[in-house]
Amino acid sequence: MLHKTYELICRLPAQVASEQIEVLLSKEGVRYRTADLCVTSVRTPIAVLSIQPKLYSHSNWVGINPFVYISGVVVRLVPVDDCITKITIRVNRLRAILFAALGIAIGFLAARAMPEPLGTLFFLGFACVTWLGMVSFFGGYLVKKEISDRLKDHPLSA
């Protein structure tokens, strides 16, 4: 639950794919290190206020930087042949889980102020939406989507 792993196949040489991932991480404010076709985040950006520019991104349809919601990412690249690379993305979702827990706690406080059946329904719905949004969507899917989109948009991948 804490870590989520995704696998992709890319039609780029491993070195070119690694460079594209590095460009994406730099653009999103992620500090990273590289070694032996492995890109590992050292520090992901933290946004406390909604007015901070690092919370926003032009790389996805949501407009949110998903790297703000994760604690780390490790991308391993394995060349299959000259033009095909297998990519494994491992996302550490601890920060997303903590954000979701905080949101769920706030939802619980709001639900306590409501009448009994309505408050319970509100809390259950709010908790599900918060968990799915923060942990599953921002803390996993959107990270994978940004990386795969970056690799597909590269001219050599056609």
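Refer to the structure above for everything that follows.
Residues numbered from 1 in each chain as written. Predicted model: local features only at pLDDT ≥ 70, side-chain atom pairs only at ≥ 80, totals over all residues. Heavy atoms only, no water.

Draft legend 1. Inspection of a nonpolar patch on the surface at higher detail. Together, Ile46, Val48, Leu49 and Ile51 line one region of the surface with nonpolar side chains, adding up to about 450 Å² of accessible area. For Leu49, the position within the fold is in the loop between strand S3 (38–43) and strand S4 (72–79). (Patch = residues over 30% accessible without salt bridge, like charges linked within 9 Å, V, L, I, M, F, W, Y side chains within 5 Å. Areas by Shrake-Rupley, 256 points an atom, 1.4 Å probe, with all protein chains shown as cover. Salt bridge = Lys/Arg side-chain N within 4 Å of Asp/Glu carboxyl O. Helix = DSSP H or I, 4+ residues; strand = E, 2+ residues; numbered from the N terminus.)

Draft legend 2. Summary view of the pairing of strand S5 (residues 85–92). As judged from the eight bridges shared by strand S1 (residues 3–10) and S5, these two strands associate in the antiparallel manner. Bridge pairing in S5 links Thr5 to Arg90. As paired elements, S4 and S5 share eight bridges and run antiparallel to each other. Across the sheet, Leu77 pairs through a bridge with Ile87, a residue of S5. Between S4 and S5, which pair antiparallel in sequence order, lie five residues. (Pairing = 2+ DSSP bridges.)

Draft legend 3. Quick peek at the sheet that holds S3. The five strands are arranged S1-S5-S4-S3-S2 in an open sheet whose pairing can be described as antiparallel. In this open sheet, the two strands that pair with only one neighbour each are S1 and strand S2 (31–34). The sheet shows a mean angle of 20 degrees between the axes of neighbouring strands, direction not considered. Where S2 meets S3, four bridges bridge the pair, whose relative direction is antiparallel. For Tyr32, the partnering residue across the bridge sits in S3 and is Ser41. Packed on one face of the sheet, helix H3 (residues 116–152) meets S1, S4 and S5 and runs near 20 degrees to S1. (Axes fitted to C-alpha atoms, helices over the stretch in contact; angles between N-to-C directions. Contact = heavy atoms within 4.5 Å.)

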